[in-house]
Amino acid sequence: LDAMGAAAHALGGTAVARSTAKEAQRRTREIEALNRWWTVEAEINLFQRDAEPFRGDAVWDVLSSLGLRGDGDAFHWDNEEGAPGDASLFVARTWSYSGPFSIPNEPVAELRLSNVRFELTIPCTHDPEAVFDAALRAARYAQKRLGGEIVFDAGHLDEAGTRARIRTAIETLTRAGLTPGSPAAMAAG
C-alpha cells in the first residue's frame, strides 16, 4: 500500500485500503475455493461396453427425435431466447471421436460410437436440478432405443451422488452471490 500511496500522492490523490490484509487473504481463499465450482458439470453417460458400438445414424436419429439441435459437433437442448442461463440447457455429444458428426469423408451411418454423453454446466444453468432431470429422461429414452448402460459422472458417482453434487454446487455458488444461470455466475465462469 505504501507504493500505491506514493503513486497516488504523486498524482495528487490518496490510496485507501478497503480491507485489511487478513480480510483480503481470507477473501482470496474463498474465491480460490469457488473456482472449482465455476466449471462443474453433471454428466450422464450412456455406454455400449460389450455389445456392438452405437451406429452413428441411430444416435443421430435418437437425439433428433428428442428435439435436440445438432450443430455438427454436439446436440443441444436450446434455452429460450432471453431466458436466464446459457444458450444450451444441456448438450449431448460423444467422446468416441473428436467432433462426432463432422468427421471428414465418413458418413454418419458408418460411425461407430461407444458412448453418448449428456452434460450440463451447473453455474451456467438457471435451474440445474430440473435440467438434470430432463437430461436424465433424454438419456433413458436413448438407452431404450439404443441399449447400453447409464453411468453418472464417468462412474465416480451414482444418480443420488450426482444429485447431491448438483445441490452442493448450487448452495456453494448461491452463498457466494453466484446463483446458477445468473449474469454474475455466467460472467464468473
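The structure we're discussing is the one just above.
Here the structure is a predicted model, which is why all the values come from computation and not from measurement.

Novice: Where do I start with the overall build of the chain in this structure?
Specialist: Scanning the chain from N- to C-terminus turns up 6 helices and 8 strands. Order of helices (α) and strands (β) in the chain, N terminus to C terminus: α-α-β-β-α-β-β-β-β-β-α-β-α-α. The buried share of the chain, reckoned over its 189 residues, is 37%. For the chain, the computed accessible surface area is about 10,900 Å², with 52% contributed by carbon and sulfur atoms.

Novice: Even after reading the chapter, I still don't get the sheet that holds strand 5 (residues 88-93), so can you show me in this structure?
Specialist: Pairing between the strands of a sheet comes from backbone hydrogen bonds, and it takes one of two forms, parallel or antiparallel. One open sheet accounts for 6 strands, arranged 3-4-5-7-1-8; its pairing is antiparallel. Every interior strand has two partners, whereas the edge strands, strand 3 (69-70) and strand 8 (149-152), have only one. Together, strand 1 (41-47), strand 4 (75-78), strand 5, strand 7 (115-121) and strand 8 form the strand contacts of helix 4 (residues 128-146), whose direction differs from that of strand 1 by roughly 5°.

Novice: Could you clarify how one ought to interpret the packing of helix 3 (residues 56-65) against helix 4 in this entry?
Specialist: To characterise two packed helices, one gives the angle between the axes of the helices and the distance between these axes. Between helix 3 and helix 4, the shortest axis-to-axis distance is 10 Å and the interhelical angle comes to 140°. Comparing their axes, helix 4 and helix 3 come out oblique. Seen from above, helix 3 lies across helix 4 with right-handed handedness. Residues A58, V59, D61, V62 and S65 of helix 3 form the contact with helix 4, whose participating residues are Y141, A142, R145 and L146. Among the residues making up the contact of helix 3 with helix 4, the classes are represented as 6 nonpolar, 1 polar and 2 charged.

Novice: Honestly, the layout of surface pockets in this entry has me stumped. Any pointers?
Specialist: Here the idea is plain: a probe the size of a water molecule rolls over the atoms and shows the empty space left. Quantified by volume, the largest pocket comes out at close to 160 Å³. What lines the largest pocket is E41, D86, S88, L89, F90, V91, R93, E119, L120, T121, C124 and T125. Among the secondary structure elements, those contributing two or more residues to the lining of the largest pocket are strand 5 and strand 7. Split by residue class, the lining of the largest pocket holds 5 nonpolar, 3 polar and 4 charged.

Novice: Hey, could you run me through the packing of helix 4 against helix 5 (residues 159-175) in this one?
Specialist: Two numbers describe how helix 4 lies on helix 5: the axes approach to 10 Å, and their chain directions differ by 155°. Taken together, the axes of helix 4 and helix 5 lie roughly antiparallel to each other. Here helix 4 and helix 5 pass one another in a crossing that is right-handed. Contacts between helix 4 and helix 5 involve P128, E129, F132, D133, L136 and R140 on the former and, on the latter, E159, T162, R163, I166, R167 and I170. Counted by class, the contact of helix 4 with helix 5 contains 5 nonpolar, 1 polar and 6 charged residues.

So, how was this worked out
- Residues numbered from 1 in each chain as written.
- Predicted model: local features only at pLDDT ≥ 70, side-chain atom pairs only at ≥ 80, totals over all residues.
- Heavy atoms only, no water.
- Helix = DSSP H or I, 4+ residues; strand = E, 2+ residues; numbered from the N terminus.
- Buried < 20%, exposed > 50% of the residue type's maximum accessible area, 1.4 Å probe, protein only.
- Areas by Shrake-Rupley, 256 points an atom, 1.4 Å probe, with all protein chains shown as cover.
- Pairing = 2+ DSSP bridges.
- Contact = heavy atoms within 4.5 Å.
- Axes fitted to C-alpha atoms, helices over the stretch in contact; angles between N-to-C directions.
- Parallel < 35°, antiparallel > 145°, perpendicular 65-115°, else oblique.
- Left-handed = near helix turned anticlockwise from the far one by under 90°.
- Nonpolar A, V, L, I, M, F, W, Y, C, P; charged D, E, K, R; others polar.
- 1 Å grid on protein atoms, 1.4 Å probe; cavity = no way out; pocket = protein on both sides within 12 Å on 5 of 7 lines; lining within 4 Å.
- Points joined across faces, edges and corners; volume = space filled by probe spheres on them.

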